[in-house]
There are 2 protein chains.
Amino acid sequence: AFSVPAPLLQAQSLTDGDTANIMALKKTALQSNLAYEIDESLTTEVGPRLVGTPGDAQGITWAVAKMKQLGFDKVWTEEVQHVTWTRGVAEARIIAPYPQKMVAIALGGSTGTPEDGLKAEVVEFKDFAALEAAPEGSLEGKIAYVSFRMERKINGAGYGPAVKARGAGPSMAASKGAVAYVMRSVGTDNNRLGHTGGTNYKDGITRIPAAALSNPDADLLSRTISRGKPVEIFLKLTAERKDDVPVITANVIGEITGSEKPEEIVVMAAHLDSWDVGTGAVDDGIGVSVTLAAAHHIANLPERPKRTIRVILFAAEEVGLVGVKHYMKDHENEIAQHVIGAEWDFGVGLIYEMVPGVGPAALNHIRELAHLLAPLGVSLSPKNDAKGQSDLSLLGKAGMPAVNFSPDGMKYFDYHHTDNDTLDKVDPEALKQNTAVFTIFSYFAAQSGIDFRK
Amino acid sequence: AFSVPAPLLQAQSLTDGDTANIMALKKTALQSNLAYEIDESLTTEVGPRLVGTPGDAQGITWAVAKMKQLGFDKVWTEEVQHVTWTRGVAEARIIAPYPQKMVAIALGGSTGTPEDGLKAEVVEFKDFAALEAAPEGSLEGKIAYVSFRMERKINGAGYGPAVKARGAGPSMAASKGAVAYVMRSVGTDNNRLGHTGGTNYKDGITRIPAAALSNPDADLLSRTISRGKPVEIFLKLTAERKDDVPVITANVIGEITGSEKPEEIVVMAAHLDSWDVGTGAVDDGIGVSVTLAAAHHIANLPERPKRTIRVILFAAEEVGLVGVKHYMKDHENEIAQHVIGAEWDFGVGLIYEMVPGVGPAALNHIRELAHLLAPLGVSLSPKNDAKGQSDLSLLGKAGMPAVNFSPDGMKYFDYHHTDNDTLDKVDPEALKQNTAVFTIFSYFAAQSGIDFRK
Ligand SMILES: [Zn+2]
Ligand SMILES: [Zn+2]
Ligand SMILES: [Zn+2]
Ligand SMILES: [Zn+2]
């Protein structure tokens, strides 16, 4: 028999009718193929959505139409500006001692090489710290190469240690005199496809071209270097940064308007933009699809929940959380009314854990939510430090309570930011569970009167 | 307790000393990393070996040097001619109704498109038979697309039904009026990398450009077509056939010369050429490495076995068994002295079965060999119809007895003929087992006096 623990009874926030609604929503979400159909539509009819490209604009049009079709009460866009960056093509090869092609991809935001490319001796560093420790001037005229290998972990914890070399590597290498920068891809696969992702140039340091090698090519380069002879490589990137040429994009926002406290907002978020190489079916097509489907299931109830459920599809996440920064300005006076939020930007598997980030009194209510999610295989983390994933991390820092959902992320970084981010990587069954979780979370937060800040 | 079945005793072909040698060879092969080191060297120092390219020539130089270094008694090359084909680049995209890029790869031997590419409506066929059934003239001005999906099977049996569309598809499509041909890749993966492989134009039919789409892109194209609107695609191939420009390559042959019957030849074979896109680490770097390592272990014994062991690294297998055809002419008078042969061109996993193709009396001896291989996990097939893999199939048809070894091929067609054919796909432990099997097979055949034709 199932015995309800004492703290739960004290925190009972839902009526019997609310609970019945949640059971019905769960059943609907677990049976419906809607989230998958949304992702199929986005992937097939729009495809990649790099900021400022026709695909990005097409994505915005698609999202507005889809929200209306799904029964949102209000749908609108909010303009976001960013700067122009075009990927162009990437060519890399080993010239000596053994000529071989390599598969490379420009890091997002990288400058290009000279038109004819550049050739230089390559110097390998086992990680970012080793590059950092290189003596000043020691890389003069050289290409720096960081060969750090990302570890596969269920919670994606291998990403942090690996991604440092992507963000800070190029400027660090340039500060030692390097003329270009290459790195092993931040990814756990062994496919001959590079992983892109944004890099950040430091002010006052020469911006050098920066690329990621596919993991098999990083293996090849390291094996070649390990033979002890000088290794010369060729790199050509036709990428272009135009920091003075703005592009316009938009956050797309839709609401299920609250029936009693419409000014109090429960947020479900994802980002609509993607890198250009795949079709953004996973990153973040899954987030887009799950949040839209969850809102639709709730909109299909006979009555609106008390608070407003706002789905925010952020623009320009990949290029540095640009859309959410605009959102924070546009909604400056409204942040305090964002009662709680959850973003979905790590989706490719089943959610196994919920990490809250709420006030101490609200924890009792979170346990109640956890009881509702437990049959879906979601456990409650003992931590209470969530700030929100991706975009929502900025709202979290600004005081919005959040929950983070943790999925089985073992495969996520096999596809992340590569050509391989396509619909076939999306598991329809996992999408159903993800949607059930987001549906229950947002209905629970919108229907109960809980102050998650307390 | 282990009881020796009666037929085995009758067929005892080895002395106690021979058996002791085999046990020692097995131990050596299972402990040695040599085969992996050979493949590492080939992959790192040579890389891809498309017929007529610098890599092909470099591969021949490498193989001759490697054979000498490994203690072969004789090493030589035999010239092979083929025609020029260059891959160039492949571009494909959906133009309407939803513009999207696709990843495509030219089929080997394909002609190019016009310089600016071509645009046409695409017509999907679920398999080659459906294309064959299309009415005459029905594809006038269209691009034919065969979307047949290869099945994953442990023995690679999905390949045959799928590869028909690669070999015969372009001419079949052209005969109905098509201006170009695209197909779902013959492969079991879902990576955004196309699978190349040779196509064959029929005489008297217009040679139209032919490409394989990566499997996720075939999914995308089929999903787009399934919406029911006309779908227009763009295809550009800069591939070039120059049937009148010969290229020179070579079979590379090495021998461990027999101590008593040097004129009787036991063959171990593999092909040295590869497609240009990967590094040919699997296809057929594994075969090259296993056969060379096996021969080396035998060469390291204090005495040569009675018969000659000949390792043939065939040229130009990928482009139509061209090297072995030259070999058959060059060795026309010697075919009858090829007492038995085994090729290794399907290697990426553990060998689980041996299929013989020998005379009825020799089957007893094959059972003896099977007893030696059983502890390695190799069972004896009840069939006796092997003709030899790949190149050796032609010697098999010409009467040479053969054995075929069957590995776990579940992953083989994930990488086959793609950029992904790289060293990381090679399992060092499987190579050890493969090498032990080939070492035992070739020593057994060379040291016993068995007439496998009888
Ligand atoms: Zn994302
Ligand atoms: Zn991302
Ligand atoms: Zn092969
Ligand atoms: Zn092949």
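Keep in mind that this is a model prediction, so the values were computed, not measured.

## Notes on the interface of chain B and chain A
Counting residues at the interface gives 32 residues for chain B and 32 residues for chain A. Buried area between chain B and chain A, both sides added, is near 2400 Å², and the carbon and sulfur share of it is 40%. Among the residues of chain B in contact with chain A, B:Thr44, B:Arg192 and B:Arg223 are the three that bury the most area, contributing 23% of the side total. Here chain B is connected to chain A by 8 salt bridges. Close ionic contact of A:Arg227 with B:Glu40 constitutes a salt bridge, the shortest N to O distance being 2.6 Å. Our count for the contact surface shared by chain B and chain A stands at 27 residue pairs in polar contact (both at pLDDT 80 or more). Looking at the side of chain B that touches chain A, the elements that each hand over two or more residues are helix H3 (34-45), strand S3 (100-102) and helix H8 (215-226) of chain B.

## Structural notes on the coordination of the zinc ion (ligand 2)
Residue and element names in this part refer to chain A. Taken together, the protein ligands of the zinc ion (ligand 2) are Asp283 (OD), Glu318 (OE), Glu318 (OE) and His417 (NE2), with distances of 2.0 to 2.4 Å. Geometry at the zinc ion (ligand 2) is irregular, judged from its 4 donor atoms and the angles of 57 to 143° they form at the metal. Each donor residue of the zinc ion (ligand 2) belongs to the same chain, and together they define the spacing D-x34-E-x98-H. A gap of 3.2 Å separates the zinc ion (ligand 2) and the zinc ion (ligand 1), which aspartate 283 links by coordinating each metal. Of this pair, glutamate 318 sits in the loop between strand S12 (307-314) and helix H10 (322-330) while histidine 417 sits in the loop between helix H13 (412-415) and helix H14 (428-447), placing them 99 residues apart in sequence.

## Re the nonpolar core
Within the largest apolar cluster, 99 residues are counted, with the highest numbers of intra-cluster contacts made by B:Leu131, B:Tyr181, B:Leu292, B:Leu313 and B:Phe405. Sort the elements by how many residues they give to this core and helix H14 (residues 428-447) of chain B lands first, with 10 residues. When residues of this core are assigned to domains, at least three fall in each of domain 1 (6-85 + 245-447) and domain 2 (88-238) of chain B. Residue contacts for B:Leu131: discarding those within four places in its chain leaves B:Phe125, B:Leu139, B:Ala144, B:Val146, B:Gly169, B:Met172, B:Ala173, B:Lys176 and B:Tyr181. Counting 97 residues, the second-largest nonpolar core is a separate cluster that includes A:Met67, A:Leu301, A:Ile340 and A:Ile450.

## Observations regarding the pattern of salt bridges
This model, assessed by the stated rule, comprises 44 salt bridges over all chains. Across the pair B:Lys101 and A:Asp419 runs a salt bridge, and its minimum N-O distance is 2.8 Å. Residue B:Lys101 is located in strand S3, and its partner A:Asp419 is located in the loop between H13 and H14; the two belong to separate chains. Using a relative accessible area of 33% as the deciding quantity, one classes B:Lys101 as partly exposed.

## Description of the packing of H3(B) against helix H9 (residues 285-299) of chain B
Residues and elements named next belong to chain B. Two elements in contact, H3 and H9, have axes separated by 8 Å at closest approach and are oriented at 135°. With respect to H9, the element H3 is oriented oblique. Every pair of crossing elements has a handedness; the one defined by H3 and H9 is right-handed. Residues Leu34, Ala35, Ile38, Asp39 and Leu42 of H3 form the contact with H9, whose own contacting residues are Gly285, Ile286, Val288, Ser289, Val290, Leu292, Ala293, His296 and His297.

## Thoughts on the coordination of the zinc ion (ligand 4)
Residue and element names in this part refer to chain B. Within the first shell, the zinc ion (ligand 4) binds the protein through Asp283 (OD), Glu318 (OE), Glu318 (OE) and His417 (NE2), at distances of 2.0 to 2.4 Å. Relative to the metal, the 4 donor atoms surrounding the zinc ion (ligand 4) lie at angles of 58 to 143°, and the coordination shape comes out irregular. Summarised as a motif, the one-chain spacing of the donors to the zinc ion (ligand 4) is D-x34-E-x98-H. Here the zinc ion (ligand 4) and the zinc ion (ligand 3) are spaced 3.2 Å apart, and both take aspartate 283 as a donor.

## Comments concerning the sheet that holds S3(B)
Residue and element names in this part refer to chain B. Taken in spatial order, the 8 strands line up as S3-S2-S9-S5-S6-S7-S8-S4 in an open sheet, and their pairing is mixed. Pairing within the sheet leaves two strands with one partner each, and these edge strands are S3 and strand S4 (104-106). On average, adjacent strands in this sheet sit at an angle of 30° to one another, irrespective of strand direction. Relative to strand S8 (residues 210-213), S4 runs antiparallel, the two being bridged by 3 bridges. Of the residues in S8, the one forming a bridge with alanine 104 is leucine 213. Across the sheet, H8 is in contact with strand S2 (90-96), S3, strand S5 (118-125), strand S6 (143-146), strand S7 (180-184), S8 and strand S9 (232-237); its angle to S3 comes to roughly 140°.

## Focus on the pairing of S5(B)
All names here are of chain B. Note: S5 against S9, 4 bridges, orientation antiparallel. The partner of lysine 119 across the bridge, within S9, is phenylalanine 234. Sheet topology note: the S5/S6 ladder contains 4 bridges and is parallel. When the bridges of S6 are listed, valine 122 appears paired with isoleucine 143.

## Here's the deal with the sheet that holds strand S9 (residues 232-237) of chain A
All names here are of chain A. Pairing is mixed in the open sheet, where 8 strands are placed in the order S3-S2-S9-S5-S6-S7-S8-S4. Each having just a single partner strand, strand S3 (100-102) and strand S4 (104-106) make up the two edges of the open sheet. Adjacent strand axes in the sheet meet at a mean angle of 30° when their direction is disregarded.

## Quick look at the domain arrangement of chain A
All names here are of chain A. Examined at the domain level, chain A breaks down into domain 1 (7-84 + 245-447) and domain 2 (88-238). Here the C-alpha centroids of domain 1 and domain 2 sit 34 Å apart. Listed as interface residues are 17 residues of domain 1 and, on the opposing side, 20 residues of domain 2. Carbon and sulfur atoms make up 62% of the surface buried where domain 1 meets domain 2, a total of about 1400 Å² over both sides. Applying the counting rule to domain 1 against domain 2 returns 1 salt bridge. Of the charged contacts, one joins arginine 152 and aspartate 414 as a salt bridge, the two residues approaching to 3.1 Å between their closest N and O atoms. Our enumeration of links across domain 1 and domain 2 arrives at 8 residue pairs in polar contact (both at pLDDT 80 or more). No other element matches the 3 residues that H13 contributes to the side of domain 1 that touches domain 2. Classifying every residue of the side of domain 1 that touches domain 2 gives 8 nonpolar, 5 polar and 4 charged.

The rules behind these values
Position numbers for residues start from 1 in each chain and track the written sequence from start to end. As they are written, the chains are lettered A onward and the ligands numbered 1 onward, keeping that order. In keeping with the predicted nature of the model, local features appear solely for residues at pLDDT of at least 70, side-chain atom pairs appear and are counted solely at 80 or more, and the whole-chain, interface and lining totals rest on all residues. The side-chain values count all of the structure's non-hydrogen atoms but skip hydrogen atoms and water molecules. Residues are treated as being in contact if the distance between any of their heavy atoms lies within 4.5 Å. The quantity reported as buried area is the accessible area (1.4 Å probe) lost by two parts once they are put together, taken as the sum for both. The salt bridge criterion pairs a side-chain nitrogen of Lys or Arg with a carboxyl oxygen of Asp or Glu, the two atoms within 4 Å. Between N or O atoms, a polar contact is any pair within 3.5 Å; within protein, one atom must be a potential hydrogen donor and the other a potential acceptor, and residues adjacent in sequence are included only when both atoms are from side chains. In this text, helices come from DSSP runs of H or I with a minimum length of four residues, and strands from runs of E with a minimum of two, each type numbered from the N-terminal end. The rule for donors is simple: an N, O or S atom within 2.8 Å of the metal counts, and for Na, K and Ca the reach is 3.2 Å. Water is not among the atoms, so a site may look short of donors. By the criteria applied here, four donors are tetrahedral when all angles lie between 85 and 135 degrees, four are square planar and six octahedral when opposite donors are over 155 degrees apart and every other angle lies between 65 and 115, and any other arrangement is irregular. Residues grouped as a nonpolar core are buried Ala, Val, Leu, Ile, Met, Phe, Trp, Tyr and Cys residues, joined through side-chain atoms within 4.5 Å. Think of it in three bands: residues with accessible area under 20% of the maximum for their type are buried, residues over 50% are exposed, and the middle band is partly exposed, with areas taken using a 1.4 Å probe on protein chains only. How far each domain reaches was decided by an automatic or database domain assignment. In this analysis, axes come from line fits to C-alpha atoms, helices being fitted only over the stretch in contact, and the angle between any two N-to-C directions falls in the range 0 to 180 degrees. Angles are sorted into four bins: roughly parallel if under 35 degrees, roughly antiparallel if over 145, roughly perpendicular if 65 to 115, and oblique for all others. In this scheme the crossing of two helices becomes right-handed for a clockwise turn of the near helix relative to the far one and left-handed for an anticlockwise turn of less than a right angle. Strand pairing is assigned whenever DSSP detects at least two bridges linking the two strands. When residues are sorted by character, Ala, Val, Leu, Ile, Met, Phe, Trp, Tyr, Cys and Pro go into the nonpolar class, Asp, Glu, Lys and Arg into the charged class, and all the rest, Gly among them, into the polar class.

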